[in-house]
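Descriptive structure summary
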Amino acid sequence: MSDFQIFSSDKNSLTATTAMKLGVSPARFANWRWQMKNQIRTAAEASVFVALDAAEEQGFQNDKIFNIAITPYAMSLMRYRHDAQRNPCPVRLQLLPRQEECLDQHGIADPLQEKHHSPVAEVVHVYPDRVAFCVAQLCPIYCRFCFRKRRDDEQGLHFNRRIIARGIDYIRSNSKIRDVLLTGGDPLLATDASLDALLSELRTIPHVEIIRFGTRVPVTLPYRLTAALGEIFAKHHPIWLNTHFNCAEELTPEACHGIDILLKNGVPVSNQTVLLRGINADNDKMLRLLKQLVYARVRPYYLFHPHLVVGTEHLRVPISTGLAIMDSLQGKVSGFAIPRYMLDTPSGKIPLTRQQLLKIDGQDAVLANNYGELWRERME
Ligand SMILES: *Cc1c(COP(=O)(O)O)cnc(C)c1O
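Quick look at the structure, then. (Residues numbered from 1 in each chain as written. Predicted model: local features only at pLDDT ≥ 70, side-chain atom pairs only at ≥ 80, totals over all residues. Heavy atoms only, no water.)

Describing the environment of Ile65
Here Ile65 lies in the loop between helix H6 (54–61) and helix H7 (72–75). Among the residues examined, Ile65 registers a relative accessible area of 38% and is labelled partly exposed. Considered as a pair, Ile65 and Gly311 are 246 residues apart in the sequence and their alpha carbons are 8.3 Å apart. Apart from the residues within four sequence positions on either side, Ile65 is in contact with Glu101 and Cys102. (Helix = DSSP H or I, 4+ residues; strand = E, 2+ residues; numbered from the N terminus. Buried < 20%, exposed > 50% of the residue type's maximum accessible area, 1.4 Å probe, protein only. Contact = heavy atoms within 4.5 Å.)

A few points about the packing of helix H10 (residues 192–202) against helix H12 (residues 227–235)
Close contact between H10 and H12 brings their axes to 10 Å; oriented N to C, the two are set at 5°. The angle between H10 and H12 places the two elements in the roughly parallel class. Mapping the contact onto sequence places Asp192, Leu195, Asp196 and Leu199 in H10 and Ala228, Leu229, Ile232, Phe233 and Lys235 in H12. Residue classes in the contact of H10 with H12 are distributed as six nonpolar, no polar and three charged. (Axes fitted to C-alpha atoms, helices over the stretch in contact; angles between N-to-C directions. Parallel < 35°, antiparallel > 145°, perpendicular 65-115°, else oblique. Nonpolar A, V, L, I, M, F, W, Y, C, P; charged D, E, K, R; others polar.)

Some words on the site of the ligand
Looking at the ligand, the residues that line it are Val124, Val126, Tyr127, Arg130, Ala132, Arg212, Tyr301, Tyr302 and Lys349. Separating an oxygen atom of the ligand from a side-chain N or O atom of Tyr302 is a distance of 2.6 Å. Note that an oxygen atom of the ligand is positioned 2.9 Å from one of the side-chain N or O atoms of Lys349. Element by element, the count of residues in the shell around the ligand is highest for strand S1 (residues 123–127), at three residues. (Near = heavy atom within 4 Å. Polar contact = N/O pair within 3.5 Å; in protein donor to acceptor, adjacent residues only side chain to side chain.)

Here is the structure:
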């Protein structure tokens, strides 16, 4: 049975009902290329799905700040009406642009100084044994809190042959690199043939043991997870995959079907969540998300403290909020459902625990990293 038939068979499914509303067949709606051709980019297009609030209307006017594009699938997860202050729709806050993006006082363009840590273009080498390789530039959706907003302004980074060839040469010539994290952009926004070729090339390097994908397609474009893609992964094991669910509402039957294809093909699926105000920075919402993840057989891996990235002040929360949420989870849910709370810094990730937080100095938290160095992070 093809993947598309699965979604069309249930007339009440999200796929079938949204397709009907848009006047397309469920099979077309469930085709990832159709989703990409029909990305929502304007307030008028978004209004087919939701009643925009004033700040969202304004956000669509500020399209110079950061790319705006949302798949019809993700639009269909949004509540038609919401109150952004008192009862926000967590999907809307993540994906629809808002006026507040223009008001951020502290955000910076490249919080991880990734350019500085790239010995060749798009290969971020911070840890001795692993690299993040940004092979993609495009995404099905531009999440408003993205920490790689800066890449938006550059052209031609998406599956660029020369960049990929140079990155592979770098990995080949560094025998300490045993773990390659393919990221972007979204690295699954490529043809099956390009992904197969990239994985085949990496598999000619003897010291590369594991290959990981960092991708949000299970959330933004689950139809990309086809049986054919699963078979490609199965040829190149060990392949791991980290995805990025931020709220329970994102774990739809469509998303779970995509995850099932990955698992059936032997790809372990883990999740990285970003702690965000109004979306998951709340004891109950976080607990619900974690329970849904393990029910879908996705292992919670990291809970990231939000990056200090431009245009996200309205979504950031203090470290004290994150620590309190982590405390609240103890004993409430299976041990393997609890992620590690992490701060991402230019010199690597620091686990955010009460032991690692040395002191609070005015606006700043002072933390010790794994190398015994101190790191200062704005608390708010
Ligand atoms: C996060 C990250 C990795 C992977 O780190 P893990 O903690 O092993 O998941 C690798 N390289 C860079 C530059 C990273 O930021």
